[in-house]
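# Structural overview for review
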Amino acid sequence: MLSPVTNTLDLERAHTSGVYIKRELEIVRGEGARLWDADGNSYIDCVGGQGAANLGHAHPAVIAAIQRQSTELISCPEIFHNPVRAQYQAALCAAANMPRVFLCNSGAEAVEAAIKFATLATGRSRVISTMRAFHGRTLGALSVTWERAYREPFAPLLMNTTHVPYNNIERLVEVLDDTVAAVIVEPVQGEGGVHPAADGYLHAVQALCRERGALLIVDEVQTGFGRTGSLFAHTQDGVQPDLLCLAKSIAGGLPMGALLIGERVGALQPATHGTTFGGNPLACAAAAAVLEVLTTTDLVERTRERGEAVRARLAANLPASAVREVRGRGLLIGIELRNKVAPVLRALQQRGVLALPAGATVLRLLPPLVISDDDLWTAVEAIEETLSNAV
Ligand SMILES: *Cc1c(COP(=O)(O)O)cnc(C)c1O
């Protein structure tokens, strides 16, 4: 029998799986880069749906697309052709400069598909990933993720994987032999603490992959769709992925993922992979609206400038007694603290700013790219005051 509680927090405590650490906060509404709790308090959102809300909350173009498509057709498995999907796939391939795409429903699924396709294309089974990498929680994606606490309960996992230090090409030279199907890498390690690729690193990884017959999988689930000041971050590194994983902000907050497929992958045979919800017209319509906004406005360009300005100011103003380093690209910003981040997150929430951790000591900011200058600088000020008081 269900208990008679009606309070949201109690209901969730009674029935949620237990796998999430939850904050004492009930969010009921959002608009742009603002969120409101059940008591009507407003917050500046630097969580950005954990990266899924680059266009913010209640974006008019996304609302219109969802409303329109929901009355037309929501379900349409890929055994049929569909015009909304066809148009979106063409637009996404053009924007990413890659010929083919497989549509799915999450970041982990995009990574799973990438590993399967790399295995099929090369006839090899080993995958090389990097230390501090995060690629998702399903068993295949988890195999290439680094964090021991996530992986160890499920060891030995599925894939024959090797983790090498990020931004270190020498170790990769040693382990990348002719048993390796692919190297998977993020242009900026997000969950792992906001570590951007060093100049020339991704380029060297790509060159080595080509030389030794392995494929390059670039995971842009977090860095994609304008977050770093380019539509896709890897273009800043001048590389051409063989497989490009996308999700999070792809469809304005609706669950969706995509795997872009390059020429080196070759033909894929029918029935080697698939998904029921992948490519459904509702997600495709929302995603088409998102892509249109990102490619026809100056939002992405401004993200680069505003991210640089925020990082420069934080680096200049934050006390060295509390902060080790400020890192990032665009509006993916990490502040590495000398102490634990959890109390800082609570203090910021008290001041009306919601932010994320990336590991135990990194404060991570993922504000919607549509955040107003006022809200952005108010959030920066709150962080400066909180970290100045924290010492
Ligand atoms: C979030 C994330 C994933 C996993 O995406 P889900 O949609 O949560 O499965 C994979 N890779 C990166 C880089 C991510 O940030």
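Residues numbered from 1 in each chain as written. Predicted model: local features only at pLDDT ≥ 70, side-chain atom pairs only at ≥ 80, totals over all residues. Heavy atoms only, no water.

Before going further, it helps to spend a moment on the overall build of the protein chain. Summing up its helical and strand segments, the protein chain has 13 helices and 17 strands in all. Taken against the 2.2 N^0.38 rule, which gives 21 Å for 391 residues, the C-alpha radius of gyration of the protein chain at 21 Å falls within 12% of a compact globule. By principal-axis analysis of the C-alpha atoms, the protein chain measures approximately 55 × 55 × 50 Å. When each of the 391 residues of the protein chain is scored for burial, the buried share is 51%. (Helix = DSSP H or I, 4+ residues; strand = E, 2+ residues; numbered from the N terminus. Rg over C-alpha atoms; globule rule 2.2 N^0.38 Å. Buried < 20%, exposed > 50% of the residue type's maximum accessible area, 1.4 Å probe, protein only.)

Attention shifts here to the site of the ligand. The ligand sits among Ser-106, Gly-107, Ala-108, Phe-134, His-135, Gly-136, Glu-186, Asp-219, Val-221, Gln-222 and Lys-248. One nitrogen or oxygen atom from the side chain of Gln-222 is found 2.8 Å from an oxygen atom belonging to the ligand. For the ligand, an oxygen atom lies 2.6 Å from a polar atom in the side chain of Lys-248. Computed on the free molecule, the ligand has an accessible area of 380 Å², of which 81% lies beneath the protein chains in the complex. Grouping the constituent residues of the shell around the ligand by class yields 3 nonpolar, 5 polar and 3 charged. (Near = heavy atom within 4 Å. Polar contact = N/O pair within 3.5 Å; in protein donor to acceptor, adjacent residues only side chain to side chain. Areas by Shrake-Rupley, 256 points an atom, 1.4 Å probe, with all protein chains shown as cover. Nonpolar A, V, L, I, M, F, W, Y, C, P; charged D, E, K, R; others polar.)

Here we come to the nonpolar core. Taken as a class, soluble globular proteins show a tendency for nonpolar side chains to be buried jointly. Ranked by internal contacts, the top residues of the largest apolar core, which has 76 residues, are Tyr-88, Leu-92, Ile-335 and Leu-363. A total of 8 residues in this core trace back to one element, the largest contributor, which is helix 10 (residues 281-296). When near neighbours in sequence (up to four residues on either side) are disregarded, Leu-363 contacts Ile-333, Gly-334, Ile-335, Val-341, Val-344, Leu-345, Leu-348, Ala-355, Leu-356 and Ile-383. Counting residues in hydrophobic clusters, the runner-up holds 26 residues, among them Ala-110, Ile-115, Ala-118 and Ile-217. (Core = buried A, V, L, I, M, F, W, Y, C linked by side-chain atoms within 4.5 Å. Contact = heavy atoms within 4.5 Å.)

Scanning the entire structure with this criterion turns up 17 salt bridges. A salt bridge links Glu-31 to Arg-29; its shortest N-O distance comes to 3.9 Å. Using a relative accessible area of 48% as the deciding quantity, one classes Glu-31 as partly exposed. Three or more residues are tied together by salt bridges with common partners; here these are Asp-10, Arg-13 and Glu-24. (Salt bridge = Lys/Arg side-chain N within 4 Å of Asp/Glu carboxyl O.)

Looking now at the packing of helix 4 (residues 83-96) against helix 10. With their axes 9 Å apart at the nearest point, helix 4 and helix 10 run at an angle of 40 degrees to one another. Between helix 4 and helix 10, the interaxial angle falls into the category oblique. When you trace helix 4 past helix 10, the crossing you get is left-handed. Between helix 4 and helix 10, the residues in contact are Val-84, Arg-85, Tyr-88, Ala-91, Leu-92 and Ala-95 and Pro-281, Cys-284, Ala-285, Ala-287, Ala-288 and Leu-291, respectively. (Axes fitted to C-alpha atoms, helices over the stretch in contact; angles between N-to-C directions. Parallel < 35°, antiparallel > 145°, perpendicular 65-115°, else oblique. Left-handed = near helix turned anticlockwise from the far one by under 90°.)

So, on to the pairing of strand 3 (residues 42-45). Of the pairings in the sheet, the one linking strand 2 (residues 34-37) to strand 3 comprises 3 bridges and is antiparallel in character. If you follow Trp-36 over to strand 3, its bridge partner there is Ser-42. Hairpin remark: strand 2 followed by strand 3, antiparallel, with 4 residues in the connecting loop; positive phi at Gly-40, about 90 degrees. (Pairing = 2+ DSSP bridges.)

Confidence along the protein chain averages 96 in pLDDT terms, with 98% of residues attaining 70 or more. Considering each helix and strand of the protein chain separately, the mean pLDDT is smallest for helix 7 (residues 148-151), with a value of 90, and largest for strand 11 (residues 243-246), with 99. (pLDDT = per-residue confidence, 0-100.)

Note on placement: Val-194 falls in the loop between strand 8 (188-189) and strand 9 (195-196). By relative accessible area, Val-194 is classed as buried at 0%. Distance from Val-194 to Gly-328, taken between C-alpha atoms, is 6.0 Å for residues 134 residues apart in sequence. Apart from residues lying up to four places away in sequence, Val-194 is in contact with Val-188, Gln-189, Arg-327, Gly-328, Leu-332, Ile-333, Gly-334 and Arg-364.

Note that Glu-220 resides in the loop between strand 10 (215-219) and strand 11. Buried charge Glu-220 goes without a salt bridge, the closest partner of opposite sign being Arg-329 at 7.3 Å. Here Thr-223 takes part through its side chain, which lies 2.7 Å from a polar atom of the side chain of Glu-220. Sequence-distant contacts of Glu-220, that is, excluding residues within four places in its chain, are made with Pro-187, Phe-232, Ala-233, His-234, Leu-244, Cys-245 and Leu-246. (Lys, Arg positive; Asp, Glu negative; His and termini not counted.)

Right, let's talk about the packing of helix 12 (residues 342-350) against helix 13 (residues 373-389) for a bit. Between helix 12 and helix 13, the least distance of the axes is 10 Å, while the angle of their chain directions is 130 degrees. Classified by the angle their axes make, helix 12 and helix 13 are oblique. Where helix 12 crosses over helix 13, the two elements pack in a sense that is right-handed. Contact residues: Val-344, Ala-347 and Leu-348 in helix 12; Ala-382, Ile-383, Thr-386 and Leu-387 in helix 13. Of the residues that constitute the contact of helix 12 with helix 13, the class distribution is 6 nonpolar, 1 polar and no charged.

Moving on, we come to unusual backbone geometry. Working note: non-glycine residues mostly have negative phi, and peptide bonds are mostly trans. Ala-155 connects to Pro-156 through a cis peptide bond whose omega is 10 degrees. One can find Pro-156 in the loop between helix 7 and strand 6 (160-164).

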